Amino acid sequence: MQALSIPLRNTTSRYGLVSQLFHWLIVGLILFQYTWAWRIDQAEGIRVRFELVTQHKTIGMLVLGLAVLRLLWRLFNRPPALPSAMRGWEQVAAKAGHWALYGLIFAVPLSGWLYSSAAGYADFWWGPVSFPSLVEANESLEDRMQLVHQGLAISLGVMALIHALAALRHHFINKDDVLKRMLPIWRSKD
Ligand code: HEM
Ligand code: HEM
């Protein structure tokens, strides 16, 4: 049963279990966040809206916590090299895209936290952990942070879409291992 013997760490040819779990868990939570943002927009009644926004903040802070752990894991775990068939500029673009995504999984929740702080509603709970306000309530900052949070969330969505299309292109057009090595499929030669 090779599928059960996936190593925890990355190897020279593919991502290990921990990197894969971080990747797909964060993808799932981010998709949830967009669904929730849409539900907040559609919601009627202040109580329902408040509940949904609180859930959005809770999951967003979970993404931030996972992003910190993921980055630490990444710093001590080199990813597998990109296929040598990729041209120089393609490799640079792929690496730049990955770092931009890393930046955005920090920037989007941090901007949400700053936005909530400026609105005077950052004193929320996450299990036993309470998050402090980052700044004093401030209406003009709140307005600016709303735009920043929205803009960063849209940038994350666009970048993630391009990234996912690139991964599918590798799989279906280039027919290389780039997508498979981020999936829990294992072969004896790995
Ligand atoms: C990966 C994490 C996150 C994603 C992808 C995300 C995405 C979004 C999106 C797409 C919107 C709708 C923007 C609009 O149309 O104006 C939104 C709104 C909002 N987000 Fe986030 N967000 C994240 C994390 C957070 C965090 C951590 C907080 C606060 C601690 C937060 C607070 C808010 C608030 C207060 C709103 C406005 C809700 C309303 O309409 O009343 N977000 N977010
Ligand atoms: C919000 C959505 C997403 C984010 C934030 C994200 C982020 C990332 C990041 C930061 C990396 C680099 C990993 C590293 O170097 O440690 C990566 C790699 C990868 N992602 Fe995503 N990703 C997302 C969605 C997707 C989707 C939907 C797919 C598949 C269709 C996908 C497929 C891959 C693959 C195959 C790799 C490995 C690329 C390689 O081997 O160099 N990702 N992703």
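Everything that follows concerns the structure shown earlier in this document.
Along every chain, residues carry numbers that run from 1 in the direction the sequence is written. Each chain takes a letter, starting from A, and each ligand takes a number, starting from 1, following the order in which they are written. Given that this is a predicted model, residues contribute local features only at a pLDDT of at least 70 and side-chain atom pairs are listed and counted only at 80 or more, while totals for whole chains, interfaces and linings are drawn from all residues.

J.: I would appreciate a short explanation of the overall build of the chain in the present structure.
T.: Only DSSP runs of H or I covering at least 4 residues are called helices, and only runs of E covering at least 2 are called strands; the numbering of each starts at the N terminus. Helix and strand counts for the chain come out as 4 helices and 2 strands. Reading the helices (α) and strands (β) of the chain from amino to carboxyl end gives α-α-α-β-β-α. Overall, the chain is about 55 × 35 × 30 Å in size when its C-alpha atoms are taken along their principal axes. Residue burial in the chain is summarised as follows: out of 190 residues, 16% are buried. With C-beta atoms placed from the backbone, a contact is any residue pair whose C-beta atoms sit within 7 Å. In the chain, the share of contacts with a sequence separation of at least 24, taken over all contacts with a separation of at least 6, comes to 64%. Three exposure classes are used, based on other C-beta atoms lying within 10 Å of a residue's own C-beta, which is placed from the backbone: buried for 20 or more, exposed for 12 or fewer, and partly exposed in between.

J.: How should I be thinking about helix H4 (residues 139-174) in this particular structure?
T.: Three- or four-residue spacings in an α-helix give side chains the same orientation, since the helix completes a turn every 3.6 residues. Each residue after the first adds 1.5 Å to the expected span of a helix. When the terminal C-alpha atoms of H4 are compared, their 51 Å separation across 36 residues agrees well with the 52 Å that a helix rising 1.5 Å per residue should span. When H4 is considered as a whole, its buried residues turn out to be Met 145, His 149, Ala 153, Leu 156 and His 170. At the exit of H4 stands Lys 175, carrying a positive phi of roughly 55°.

J.: What exactly am I supposed to notice about the site of ligand 2 here?
T.: Nearness here has a simple definition: the residue's C-beta atom, placed using the backbone, must lie within 6 Å of the molecule or strand. Taken together, 21 residues are adjacent to ligand 2, and His 98, Ala 160, Ala 164, Ala 167 and Met 182 come closest. Elements represented by at least two residues in the shell around ligand 2 include exactly helix H1 (17-42), helix H3 (88-119) and H4.

J.: Could you clarify how one ought to interpret the packing of H1 against helix H2 (residues 46-75) in this entry?
T.: A pair of packed helices is characterised by two quantities: the angle between their axes and the separation of those axes. Angles shown run from 0 to 180 degrees and are taken between the N-to-C directions of axes, each axis being a line fitted to C-alpha atoms and, for helices, limited to the stretch in contact. Here H1 crosses H2 at 160°, and the two axes come no closer than 9 Å. With respect to H2, the element H1 is oriented roughly antiparallel. The way H1 lies across H2 gives a crossing that is left-handed. Basically, the charged four are Asp, Glu, Lys and Arg, the nonpolar ten are Ala, Val, Leu, Ile, Met, Phe, Trp, Tyr, Cys and Pro, and anything else, Gly included, counts as polar. Residue classes in the contact of H1 with H2 are distributed as 18 nonpolar, 5 polar and 3 charged. Relative orientations are named as follows: roughly parallel for angles under 35 degrees, roughly antiparallel for angles over 145 degrees, roughly perpendicular for angles from 65 to 115 degrees, and oblique for any other angle. Throughout, a crossing is termed right-handed when the near helix is turned clockwise from the far one, and left-handed when it is turned anticlockwise from it by less than a right angle.

J.: Looking at this model, I keep getting lost on the environment of Val 53. Mind explaining?
T.: By secondary structure assignment, the location of Val 53 is in helix H2. Val 53 gets classed as partly exposed once you count the C-beta atoms within 10 Å, which come to 18. Spatially, the C-alpha atoms of Val 53 and Trp 36 are 8.0 Å apart, while their sequence positions differ by 17 residues.

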